[in-house]
Amino acid sequence: MSRSTDRLSTLLGVQQRAIEAEDRNTLSFLIANDTWHLIPYRQAVVFTEEAAQRTKLRAITGLVSTLTDTPYNLWLKQLEALLRPTHKLTAHTFTAQELPEQLREQWQEWWPEFALRLPLTTPGGQYQGCVYYVREQRWHDAEIQFLDRVHRHYAYCMASLSPHRKLMRRLLPSGRLRWIAGAALATVIALSMIPVRLSVLAPAEVISLKSELVSSPMEGVVKAFHVEPNSEVKAGQLLFTLDDTTLRNRRDVAAQALAVARTEALAMDQRAFDSQKSRADLAALKGRVQEKESELAYLTELLSRVEVRAAQDGVFIFGSKDEWLGKPVATGERIGMLAEPGNLGVQVWVPVADAISLEPGAEMRVYLQTAPLDSLGAELTETSYQASLSPDNIASYRIRGTLTEPATVHIGLRGVAKVYGERKPILYWILRRPLGTLRQWTGL
């Protein structure tokens, strides 16, 4: 057998063993030790490219493991960090004279005179690492070109052994099943992109969009109601009265005090013609008369407030009479609502956990408990920016809408409203709640 035939057989054997390597460590060990059969050298060092462009020392000629951070291993890593930025993708021969003094001093201890750095680059241009070869003789161009072709084969094998590709080969089927799996995956992706309308279900109540708060005009005790709960009233009609016993007694006392003050002022006015001192006291008595007049006017005004009348036509909505009769109330305390029955709408309390982006004009469907088989159409007109406690003591956003369909309903009916938002892919609709919960737990 000729020398060229023997060399070709050796090359084919090395390439075959590289193809059969089970992992990157095995392939790196083969590169560092078996390449010697093709081109003689004293030592080879193999670095591989890892995730996030990290470099890892994989193999050194004659060594089984490179995991220990020995002085030699640390020196090799410093050398690779120096040469990688400028000679990443090209073959490079160098000597100790080209290195910084710190690395040059240790060269004589570890390596002979001439070194060669060869990149592991696939035919497609993917960088997989590099190999350093050192020996006592210079490296010739023919040897470098030959090793460069061999290392392209090494790089191709190294790329096929990356963790990402190994995982994909395990997960993906082969042959016809791969096409079927690809078609199924494409179908699922296409279906997940179908747009759907986001929506939210929340408690709803039929309300009057034009209503006025009826509150206590002053501190007192509720004496009597003059209308029944939820009854229609006319403007100016008496709704309820507060107890006026104390005020009437105070007004009578003030009236008597005013009469006494006026009498004293009149008598002093008559004596003022003859007495200089009487004229001085007259001014004080007139001031007292004005004080009593003001007090009487104030009490009279308060007495006029004990009767609360309707400011407009509507329905006076309040609780049971028994809950209010004899109950002390503060100034401004809510007694009921005066609502206009002809201007009906819906009020919805959307929990904060279920909130979606809503804009005025959004479609709403209302399902009342009195008519579970029917629904009412409505249109969103108002949304709140801040959450508050709902009647169920749940932090919620209050939204309101107008009824867009004629219906026989009245104020106070309750049910559930479905409020529609913007369109999103169905995948977003499926994952919205799980992702929201995950962010609350992880803070990401």
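All figures in this text were calculated on a predicted structure; none of them were measured in a lab.

Undergrad: Give me the packing of helix α3 (residues 71-87) against helix α4 (residues 101-110): which residues, what numbers.
TA: Here α3 crosses α4 at 130°, and the two axes come no closer than 11 Å. Viewed along their axes, α3 and α4 adopt a mutual orientation that is oblique. The element α3 and its partner α4 pack so that their crossing is left-handed. In this structure, α3 uses Pro71, Tyr72, Trp75, Gln78, Leu79 and Leu82 to contact α4, whose residues at the interface are Gln102, Leu103, Gln106, Trp107 and Trp110. When the residues that make up the contact of α3 with α4 are grouped by side-chain class, the tally is eight nonpolar, three polar and no charged.

Undergrad: I'd like to hear about the pairing of strand β1 (residues 43-49), residue by residue, with values.
TA: For β1, the buried fraction is high: seven of the seven residues fall into the buried class. The side-chain alternation of β1 yields two buried faces, one formed by Gln43, Val45, Phe47 and Glu49 and the other by Ala44, Val46 and Thr48. As judged from the six bridges shared by β1 and strand β5 (residues 127-135), these two strands associate in the antiparallel manner. Among the inter-strand pairings, threonine 48 is bridged to a residue of β5, identified as glycine 129. By the bridge criterion, five bridges tie β1 to strand β2 (residues 55-60) in an arrangement that is antiparallel.

Undergrad: Tell me what's going on with the sheet that holds β2, and back it up with residues and numbers.
TA: Taken in spatial order, the five strands line up as β2-β1-β5-β4-β3 in an open sheet, and their pairing is antiparallel. Of all strands in the sheet, those with a lone pairing partner are β2 and β3 (92-94), marking the two edges. Mean inter-strand twist for the sheet, computed between neighbouring axes without regard to direction, equals 20°. Contacting β1, β2, β3, β4 (114-121) and β5, α3 runs over the sheet at an angle of about 125° to β2.

Undergrad: Summarise the sheet that holds strand β10 (residues 238-242); cite the residues concerned and give the values.
TA: Taken in spatial order, the four strands of this open sheet run β11-β10-β8-β13, and their pairing is antiparallel. Strands with a single pairing partner mark the edges of an open sheet, and in this sheet they are β11 (307-309) and β13 (328-329). Where strand β8 (residues 220-225) meets β10, three bridges bridge the pair, whose relative direction is antiparallel. The residue bridging alanine 224 from the neighbouring strand is threonine 241, located in β10.

Undergrad: Can you break down the environment of isoleucine 317 residue by residue, with the values?
TA: Relative to the elements of secondary structure, isoleucine 317 occurs in strand β12 (residues 314-317). Setting aside its immediate chain neighbours within four residues, isoleucine 317 contacts Asn230, Gly336, Met337, Ala339 and Ile411.

Undergrad: Requested: an account of helix α11 (residues 426-442), with residues and values cited.
TA: Every α-helical turn comprises 3.6 residues, leaving residues that sit three or four positions apart pointing alike. Relative to the 24 Å expected for 17 residues at 1.5 Å per residue, α11 spans 24 Å between its end C-alpha atoms, a close match to the ideal helical length. At arginine 432, α11 is deflected by roughly 45°, the largest bend along its length, and proline proline 434 occurs up to four residues later in sequence.

Undergrad: Which residues make up the packing of helix α2 (residues 24-34) against helix α5 (residues 141-160), and what values do they have?
TA: Between α2 and α5, whose axes approach to 10 Å, the crossing angle comes to 165°. Classified by the interaxial angle, the pair formed by α2 and α5 is roughly antiparallel. In terms of crossing hand, the pair formed by α2 and α5 is right-handed. Contact with α2, carried on its side by Arg24, Leu27, Ser28, Leu30 and Ile31, involves His151, Tyr154, Cys157 and Met158 of α5 and no other residues of that element. Classifying every residue of the contact of α2 with α5 by side-chain character gives six nonpolar, two polar and one charged.

Undergrad: Residue-level account of the nonpolar core, with values.
TA: Core analysis: the largest hydrophobic core is formed by 30 residues, its most contacted members being Phe225, Leu239, Phe240 and Phe316. Among the elements of the structure, β8, β10, α8 (245-271), α9 (276-305) and β14 (334-339) are those that each provide at least two residues to this core. Ignoring anything within four residues of it in the chain, the contact list for phenylalanine 240 reads Val214, Ser215, Ala224, Phe225, His226, Val306, Glu307, Val308, Phe316 and Ile335. Ile31, Leu116, Met158 and Leu161 belong to the second largest nonpolar core, which has 29 residues in total.

Undergrad: Which residues make up the environment of histidine 226, and what are the values?
TA: For histidine 226, the location among the structural elements is in the loop between β8 and β9 (231-233). Residue classification places histidine 226 among the partly exposed positions, given a relative accessible area of 41%. When the C-alpha atoms of histidine 226 and lysine 321 are compared, they prove to be 9.9 Å apart, with 95 residues separating the residues in sequence. Not counting chain neighbours up to four residues away, the residues in contact with histidine 226 comprise Leu238, Leu239, Phe240 and Thr241.

Cut-off values and rules
- Residues numbered from 1 in each chain as written.
- Predicted model: local features only at pLDDT ≥ 70, side-chain atom pairs only at ≥ 80, totals over all residues.
- Heavy atoms only, no water.
- Axes fitted to C-alpha atoms, helices over the stretch in contact; angles between N-to-C directions.
- Helix = DSSP H or I, 4+ residues; strand = E, 2+ residues; numbered from the N terminus.
- Parallel < 35°, antiparallel > 145°, perpendicular 65-115°, else oblique.
- Left-handed = near helix turned anticlockwise from the far one by under 90°.
- Contact = heavy atoms within 4.5 Å.
- Nonpolar A, V, L, I, M, F, W, Y, C, P; charged D, E, K, R; others polar.
- Buried < 20%, exposed > 50% of the residue type's maximum accessible area, 1.4 Å probe, protein only.
- Pairing = 2+ DSSP bridges.
- Expected span 1.5 Å × (residues − 1).
- Bend = angle between axes of the 7 residues up to and from the residue.
- Core = buried A, V, L, I, M, F, W, Y, C linked by side-chain atoms within 4.5 Å.

Interpretation note: all reported values are geometric properties and have no functional meaning in isolation.
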